[in-house]
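What follows is each chain in one-letter form.
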Number of protein chains: 2
Amino acid sequence: MIRSSSIHDNERAARGSTLPWPQVRGSLKLDAAGLIPAIAQQHDTGEVLMMAWMNLEAIDETLATGRVCYYSRSRSRLWRKGETSGQVQHLREMRIDCDGDTLLLLVEQKGPACHTGRASCFYNRIDGDVVEVVSDPLIDPDKLYEGRGDT
Amino acid sequence: MIRSSSIHDNERAARGSTLPWPQVRGSLKLDAAGLIPAIAQQHDTGEVLMMAWMNLEAIDETLATGRVCYYSRSRSRLWRKGETSGQVQHLREMRIDCDGDTLLLLVEQKGPACHTGRASCFYNRIDGDVVEVVSDPLIDPDKLYEGRGDT
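Residues numbered from 1 in each chain as written. Chains lettered and ligands numbered in written order. Predicted model: local features only at pLDDT ≥ 70, side-chain atom pairs only at ≥ 80, totals over all residues. Heavy atoms only, no water.

### Some remarks on the overall build of chain A
No. 1: Helix and strand counts for chain A come out as three helices and nine strands.
No. 2: Starting at the N terminus and walking to the C terminus, you meet the elements of chain A as β-α-β-β-α-β-β-β-β-β-β-α.
No. 3: Dimensions of chain A, computed from the C-alpha atoms along their principal axes, are close to 60 × 35 × 30 Å.
No. 4: Contacts in chain A between residues at least 24 apart in sequence constitute 44% of all its contacts with a sequence separation of at least 6.
No. 5: When the accessible surface of chain A is split by element, carbon and sulfur atoms take 47% of a total near 6,700 Å². (Helix = DSSP H or I, 4+ residues; strand = E, 2+ residues; numbered from the N terminus. Contact = heavy atoms within 4.5 Å. Areas by Shrake-Rupley, 256 points an atom, 1.4 Å probe, with all protein chains shown as cover.)

### With respect to the relation of the copies chain B and chain A
The operation relating the two chain copies consists of a rotation about an axis and a shift along that axis.
No. 1: You can overlay chain B on chain A at an RMSD of 0.0 Å; the transform is a turn of 180 degrees with a shift of 0.0 Å along its axis. As the rotation angle and translation indicate, the two copies are arranged about a two-fold axis. For chain B, the smallest separation between a C-alpha atom and the rotation axis is recorded for Gly 46 of chain B, amounting to 2.6 Å.
No. 2: Both copies share a contact surface, since 100% of the interface residues of chain B are interface residues in chain A too. (Least-squares fit on C-alpha atoms with pLDDT ≥ 70 in both.)

### Quick notes on helix α2 (residues 56-65) of chain A
At 3.6 residues per turn, the α-helix brings residues three or four places apart onto the same side.
Residue and element names in this part refer to chain A.
No. 1: Turning to α2, its buried residues are Ala 58, Ile 59 and Thr 62. Taken around the axis of α2, the buried residues stretch over an arc of 100 degrees, which confines them to a single face. Turned more than 90 degrees off the buried face of α2, the exposed positions are Ala 64 and Thr 65. (Buried < 20%, exposed > 50% of the residue type's maximum accessible area, 1.4 Å probe, protein only. Arc of directions from axis to C-beta.)

### Observations regarding the packing of aromatic side chains
All names here are of chain A.
No. 1: All told, the structure shown has two aromatic pairs over all chains when counted by the stated rule.
No. 2: Ring geometry for Tyr 70 versus Trp 79: centroids 5.3 Å apart, planes at 40 degrees, classification tilted.
No. 3: For Tyr 70, a relative accessible area of 0% puts it in the buried group.
No. 4: Take Trp 79: its relative accessible area is 9%, and that puts it in the buried class.
No. 5: One Lys or Arg, Arg 118, reaches over the ring of Tyr 123 and ends 3.8 Å from the middle of that ring. (Phe/Tyr/Trp six-rings, centres within 6.5 Å; stacked < 30°, edge-to-face > 60°. Lys NZ or Arg CZ within 6 Å of the ring centre and 35° of its normal.)

### What to know about the interface of chain B and chain A
No. 1: Contacts between the two partners involve 57 residues from chain B and, on the opposite side, 58 residues from chain A.
No. 2: A combined buried area of about 4,700 Å² lies between chain B and chain A, and 58% of that area is made up of carbon and sulfur atoms.
No. 3: When residues of chain B are sorted by the area they lose upon contact with chain A, Phe 122, Ile 126 and Val 131 of chain B head the list and together hold 14% of the total.
No. 4: Between the two partners, chain B and chain A, sit eight salt bridges.
No. 5: Per-class residue counts for the side of chain B that touches chain A are 29 nonpolar, 12 polar and 16 charged.
No. 6: Relative to strand β1 (residues 18-20) of chain B, strand β9 (residues 130-133) of chain A runs antiparallel, the two sharing three bridges. Its bridge partner lying in β1 of chain B, Val 130 of chain A is registered against Pro 20 of chain B. (Buried area = accessible area lost by both parts, 1.4 Å probe. Salt bridge = Lys/Arg side-chain N within 4 Å of Asp/Glu carboxyl O. Nonpolar A, V, L, I, M, F, W, Y, C, P; charged D, E, K, R; others polar. Pairing = 2+ DSSP bridges.)

### Quick look at the side chain of Ser 72 of chain B
Residue and element names in this part refer to chain B.
No. 1: Structurally, Ser 72 is set in strand β4 (residues 69-72).
No. 2: For Ser 72, a relative accessible area of 3% gives the class buried.
No. 3: For Ser 72, the side chain forms a polar contact with the main-chain nitrogen of Arg 75, separated by 3.0 Å. (Polar contact = N/O pair within 3.5 Å; in protein donor to acceptor, adjacent residues only side chain to side chain.)

### A look at the pairing of strand β4 (residues 69-72) of chain A
Residues and elements named next belong to chain A.
No. 1: Bridge analysis of β4 against strand β5 (residues 77-80) gives four bridges, and the strand direction is antiparallel. Of the residues in β5, the one forming a bridge with Tyr 71 is Leu 78.
No. 2: Where β4 folds back on β5, the antiparallel hairpin that results is connected by four residues, among which Ser 76 adopts a positive phi of roughly 55 degrees.

### Some details on the environment of Lys 110 of chain B
No. 1: Structurally, Lys 110 of chain B can be placed in the loop between β7 (103-109) and β8 (124-127).
No. 2: Once residues lying within four places of it in the same chain are set aside, the contact partners of Lys 110 of chain B are Gly 86, Gln 87 and Val 88 of chain B.

### Some remarks on the sheet that holds β7 of chain B
No. 1: What the seven strands build is an open sheet, ordered β1(B)-β9(A)-β8(A)-β6(B)-β7(B)-β2(B)-β3(B); its pairing is mixed. In this open sheet, the two strands that pair with only one neighbour each are β1 and β3 (48-54) of chain B. Shown here is a sheet whose adjacent strand axes are inclined to one another by a mean of 30 degrees, direction ignored.
No. 2: Across the sheet, helix α2 (residues 56-65) of chain B is in contact with β8 (124-127) of chain A together with β2 (36-42), β3, β6 (89-96) and β7 of chain B; its angle to β6 of chain B comes to roughly 120 degrees. (Axes fitted to C-alpha atoms, helices over the stretch in contact; angles between N-to-C directions.)

### Overview of the side chain of Arg 95 of chain A
No. 1: Looking at where Arg 95 of chain A falls in the secondary structure, it is placed in strand β6 (residues 89-96).
No. 2: Engagement of the side chain of Arg 95 of chain A in a polar contact is seen with the side chain of Glu 93 of chain A, the distance being 2.8 Å.
No. 3: For Arg 95 of chain A, the residues in contact, after removing those within four places along its chain, are Thr 102, Leu 103, Leu 104 and Leu 106 of chain A together with Phe 122, Asn 124, Arg 125 and Val 134 of chain B.

The analysis is restricted to geometry; functional conclusions fall outside its scope.
Below you can see the structure in the form of structure tokens.
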């Protein structure tokens, strides 16, 4: 019997050990809609930019092109980050977590990641009984879009 | 008519602007199970440690105690990170993204975040047609647990 690899086979493996990606890809834990959360982190500063969703097609395209492609749940289609705003993300590295249910993308983000024009989507801090804005836009969001859409 | 605040009211607000947390809390976009993804990042190094899920009760407890509490989907109950392994997370800051559907936790992680004994759960890198282990455990995972469980 040929046993298929899953990401769990790496749990006790030493650094440098490898598993075949096509088999691990087939064992990723997708949700009921076929999606997996993907965290985008700026590769050099470590800033967490955003979290979005990918399906297998988005993962494949991102790995093939080096340009990050998500799956837009609101528009029910692939969403090439920056297709409207021009603020594209270039992939430096894609990582998978221990359980195969979350991705971490180390990216080079061109301009702001957030549709509000801010570098990161995580600009709201809970501080006691208020939520405080902790960063200002890099770019006027009106200049990012004609109309509105995903970033 | 009294209008309730949502996180979207901060989109065009300047740094330092605030909204009442109790109202924003009520407008968070939870999934069908009442959960929201929460990314844990080591506050000083910027390392992304893990992604897990919270419900409103877990958010409230985490803010009240300063010790990170998630909701375990596999065990269907609150999961105080480190309750089995001792590898607790102390909250430094909780952030909300622009759409109110993801949390970022800046934390002080005691020991490894990952149940494999590694600092981060994101130790698998996709490299061409293989998935490579890129870090070794800080602690033998057998020493983290009696039996097995969430970290």
